[in-house]
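What the coordinates show
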2 protein chains.
Amino acid sequence: MLVIISGPSGSGKGTVIKKLNRQDFALSISMTTREPRAGEVPGKDYFFCTKEEFILARDNNHLLEHAEFVGNMYGTPKKYVEEQIEQGKAVILEIDVEGALQIKEKFKDSISIFLMPLTFKELATRLVMRKTEDVDTVIRRIRRARSEIEYIHRYDYLVINDEIESTVTKIQKIIDSEYLKPHRNEEYIESIKGDDYDATAVLLRIDDEN
Amino acid sequence: MLVIISGPSGSGKGTVIKKLNRQDFALSISMTTREPRAGEVPGKDYFFCTKEEFILARDNNHLLEHAEFVGNMYGTPKKYVEEQIEQGKAVILEIDVEGALQIKEKFKDSISIFLMPLTFKELATRLVMRKTEDVDTVIRRIRRARSEIEYIHRYDYLVINDEIESTVTKIQKIIDSEYLKPHRNEEYIESIKGDDYDATAVLLRIDDEN
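Just so we're clear, the structure is a prediction, and the values are computed from it rather than from any experiment.

Turning to the relation of the copies chain B and chain A, a few remarks are in order. Note on the copies: chain B fits chain A at an RMSD of 0.0 Å, the axial shift is 0.0 Å, and the rotation between them is 180°. Both copies are brought into coincidence by an operation consistent with a two-fold rotation axis. Closest approach to the rotation axis within chain B is made by the C-alpha atom of B:Lys173, at a distance of 2.7 Å. Of the interface residues in chain B, 98% have counterparts in chain A that sit at the interface too, so the contact is made through matching surfaces.

Here it is in structure tokens:
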């Protein structure tokens, strides 16, 4: 199962994803040409790379999706995601709207979640408090957020990230309930359809004994 | 929101529904021509009625759905459900496969859950332990169950009722996550699209001050 988490910069995607229980989920790590922010660890938060390296990966079809965002390139390396899915894990992709639409097109069975703070004021506050970008970048990110929210209806779920613990719980509930869709339980459905327990014989025997 | 819970007789629908938190849910009470089982309370478990009364309600279009089941008629009175939905409550309908398909056709936004024990042996055991029907009825109910499971893929969710508490939790998670679908949050989406907080002005002012 592929779980897409999108939302404007400052919506809290990163924090939420860090809190999700890692045993159940594999977290896809994106490639980006963006500069590392303070505290970001290469190979953990992102694979930081040059523009040339990014273009090479993209052109060699090594990316599941890619998008340009506020002047930087972002992409999802294909190999890791495919390996995790083969192992039956849910893979979480933190990607932007453009990448999300690409993934939904390729993986019909993916689940998409849009994360958003309650108001734009809160979004702006978070971006400013983060102190990782200059004012110009923050303004561009908020402008970008205005266009991103136009895509909310293309997502399967909308989670308002008002309080982090409650947001994490909501996302866990979404994933748990998605596992209960019939098409994700074909093995059980086959087994119950093929279950040839002869109730009639057993019941008639019980009835005779009484 | 309409929540349909179906599942063979003996799948535990009744027990599960009794355990769901009643504050969040309104439970629709069905009309039936079936005889009350030991312990069943008229007006609480069912509205028990004669065949003539049932036909009158059906022909006067007072039922949301109706179906015949092992020789008895079952139906959902329309008025109560409509009242609860107007009050913004989730209404739970415990109905059979035939009724569920009727409701899904009329209410595109309804959620349907199919409840099933792990095996037919367990289903038979539960029906026998219940001691409310004779062996012939139990055999007919199991035969009916075999045809009902053919419809699992028509349901939105499949819950294997292996352990009652876990089943209740699963159904609550399904309902909670369904509330996170974008089309059930139009009010928020409208408000955020209309949110005209002028981040640029505020941010430039902060920038000037620094």
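Take the nonpolar core next. Counting 39 residues, the largest nonpolar core has A:Ile113, A:Ile171, B:Ile113 and B:Ile171 as its most contacted members. Contact partners of A:Ile171, with chain neighbours within four places excluded, come to A:Ile5, A:Val16, A:Leu20, A:Ile113, A:Leu115 and A:Val159.

With that settled, consider the sheet that holds strand β6 (residues 72–77) of chain A. All names here are of chain A. An order of β4-β3-β6-β5 is seen for the four strands of this open sheet, with the pairing classed as mixed. Taken across any chain shown, the strands that pair with only one partner, and hence form the sheet edges, are β4 (46–48) and β5 (63–69). Between one strand axis and the next, the sheet turns by 25° as a mean value, whatever way the strands run. Where strand β3 (residues 30–32) and β4 come together, three bridges link them in parallel fashion. Each residue of the ladder has a partner; that of Met31, found in β4, is Phe47. Contacts from helix α3 (residues 78–86) reach β5 and β6 within the one sheet, and its direction differs from that of β6 by about 30°.

A word on the interface of chain B and chain A. Think of interface size as the accessible area that goes away when the parts come together; that is how it is often given. Each partner contributes residues to the interface: chain B has 46 residues there, and chain A has 45 residues. Contact between chain B and chain A buries roughly 4,300 Å² in total, counting both sides, with carbon and sulfur atoms accounting for 70%. At the junction of chain B with chain A, the criterion picks out four salt bridges. There are 15 residue pairs in polar contact (both at pLDDT 80 or more) connecting chain B and chain A. When its residues are assigned to classes, the side of chain B that touches chain A shows 27 nonpolar, six polar and 13 charged.

As a further point, take the confidence of the model for chain A. In this model, chain A carries an average pLDDT of 91, and 100% of its residues clear a pLDDT of 70 or more. Confidence estimates for the predicted assembly give a pTM of 0.88 and an ipTM of 0.88.

On to the side chain of B:Lys181. Mapped onto the elements, B:Lys181 comes out in the loop between α7 (164–178) and α8 (186–193). Buried charged residue B:Lys181 carries no salt bridge. Nearest counter-charge: B:Glu178, at 4.1 Å. In this view, B:Lys181 contacts A:Asp156, A:Tyr157 and A:Lys181; residues no more than four positions away in its chain are not counted.

So, about the pairing of strand β5 (residues 63–69) of chain B. All names here are of chain B. For β5, the buried fraction is high: five of the seven residues fall into the buried class. The sheet contact formed by β5 and strand β6 (residues 72–77) spans five bridges and is antiparallel. Each residue of the ladder has a partner; that of Ala67, found in β6, is Tyr74. Taking the residues between adjacent antiparallel strands as the criterion, β5 and β6 are bridged by two residues, where Val70 takes a positive phi near 50°.

On to the packing of helix α5 (residues 120–130) of chain A against helix α6 (residues 135–148) of chain A. Residues and elements named next belong to chain A. Direction vectors running N to C along α5 and α6 enclose 145°, while the axes themselves pass 10 Å from each other. In this structure, α5 meets α6 at a crossing whose hand is right-handed. Every residue of α6 that contacts α5 at Phe120, Leu123, Ala124, Leu127 and Val128 is listed here: Val138, Arg141, Ile142, Ala145 and Arg146.

This part takes up the packing of aromatic side chains. All names here are of chain A. Under the definition given, this model contains six aromatic pairs over all chains. Where Phe114 meets Tyr155, the ring centres are 5.2 Å apart and the plane angle is 75°; that geometry is what we call edge-to-face. Note that Phe114 is positioned in strand β8 (residues 111–116) and Tyr155 in the loop between α6 and β9 (157–160), a separation of 41 residues in sequence. Both residues of the pair, Phe114 and Tyr155, count as buried. Sitting over the face of the ring of Phe120, Arg146 holds its NZ or CZ atom 3.9 Å from the ring centroid.

A separate point is α7(B). Counted at 1.5 Å a residue, the expected span for α7(B) with its 15 residues is 21 Å, and the 21 Å between its end C-alpha atoms agrees. Buried within α7(B) are the following residues: B:Thr167, B:Val168, B:Ile171, B:Ile174, B:Ile175, B:Ser177 and B:Glu178.

This part takes up the pattern of salt bridges. All names here are of chain A. The tally for this structure, following the rule as stated, stands at 28 salt bridges over all chains. In this structure, Lys79 engages Glu83 in a salt bridge whose closest nitrogen and oxygen atoms are separated by 3.4 Å. Here Lys79 and its partner Glu83 are both found in helix α3, four residues apart, which amounts to about one turn of the helix. Residue classification places Lys79 among the exposed positions, given a relative accessible area of 62%. Relative accessible area serves as the criterion here: at 35%, Glu83 is assigned to the partly exposed category.

On to the packing of helix α7 (residues 164–178) of chain A against α7(B), then. Contact geometry of α7(A) with α7(B) gives a least axis separation of 8 Å together with a crossing angle of 115°. For the pair α7(A) and α7(B), the sense of crossing is left-handed. Between α7(A), through A:Lys173, A:Ile174, A:Asp176 and A:Ser177, and α7(B), the contact on the second element is made entirely by B:Lys173, B:Ile174, B:Asp176 and B:Ser177.

The next point concerns unusual backbone geometry. Residue and element names in this part refer to chain A. The backbone of Asn61 shows a phi angle near 60°, a positive value even though the residue is not glycine. Following the sequence through the fold, Asn61 ends up in the loop between α2 (51–59) and β5. A relative accessible area of 49% places Asn61 in the partly exposed class.

Time to look at α8(B). Residue and element names in this part refer to chain B. Residues of α8 that are buried include every one of Tyr188, Ile189 and Ile192, and no others. The buried side chains of α8 occupy one side of the element, clustering within an arc of 100° when seen end-on. Structural note: α8 exposes Glu187 and Glu190 on the side pointing more than 90 degrees away from its buried face.

Definitions and limits used
- For every chain, the first residue of the written sequence is number 1, and numbering continues from 1 onward in sequence order.
- Written order decides the labels, with chains lettered from A and ligands numbered from 1.
- The predicted origin of the model limits local features to residues at a pLDDT of at least 70 and limits the giving and counting of side-chain atom pairs to 80 or more, whereas totals for whole chains, interfaces and linings rest on all residues.
- The side-chain values count all of the structure's non-hydrogen atoms but skip hydrogen atoms and water molecules.
- When the copies are superposed, the least-squares fit draws on C-alpha atoms of residues that have pLDDT of at least 70 in both.
- The contact rule is simple, with two residues in contact once any of their heavy atoms fall within 4.5 Å.
- Working definition of a nonpolar core: buried Ala, Val, Leu, Ile, Met, Phe, Trp, Tyr and Cys residues. They are joined through side-chain atoms within 4.5 Å.
- Partly exposed residues are those whose accessible area sits between 20% and 50% of the maximum for their type, while under 20% is buried and over 50% is exposed, using a 1.4 Å probe and protein chains only.
- Following DSSP output, two strands are said to pair if at least two bridges run between them.
- Secondary structure follows DSSP: runs of H or I at least 4 residues long count as helices, runs of E at least 2 residues long count as strands, and numbering of each begins at the N terminus.
- Angles here are taken between N-to-C directions and fall from 0 to 180 degrees, while the axes themselves are lines fitted to C-alpha atoms, restricted in helices to the stretch in contact.
- When two parts are brought into contact, each loses some accessible area as probed by a 1.4 Å sphere; the total of that loss over both is the buried area.
- Within this document, salt bridges are pairs made up of a side-chain nitrogen of Lys or Arg and a carboxyl oxygen of Asp or Glu, the two lying within 4 Å of each other.
- Polar contact is the term for a pair of N or O atoms within 3.5 Å; when the atoms are in protein, one must be able to donate a hydrogen and the other to accept it, and sequence-neighboring residues count only if both atoms are side-chain atoms.
- Residues are sorted three ways: Asp, Glu, Lys and Arg are charged, Ala, Val, Leu, Ile, Met, Phe, Trp, Tyr, Cys and Pro are nonpolar, and all the rest, Gly among them, are polar.
- What pLDDT expresses is the predictor's confidence in each residue, scored from 0 to 100.
- Charged residues are defined here as Lys and Arg on the positive side and Asp and Glu on the negative side; His and the ends of the chain fall outside this count.
- Each crossing gets its handedness from the near helix: less than a right angle anticlockwise from the far helix is left-handed, clockwise is right-handed.
- Each Phe, Tyr or Trp ring, with Trp reduced to its six-membered ring, pairs with another whose centre is within 6.5 Å; inter-plane angles below 30 degrees give stacked pairs, above 60 give edge-to-face pairs, and intermediate values give tilted ones.
- Definition used: whenever NZ (Lys) or CZ (Arg) falls within 6 Å of the ring centre and also within 35 degrees of the ring normal, the charge is taken to sit over that ring.
- Expected span, for any helix, means 1.5 Å times one less than how many residues it has.
- Starting at the helix axis, one direction is taken to each C-beta atom, and the arc is that of these directions.

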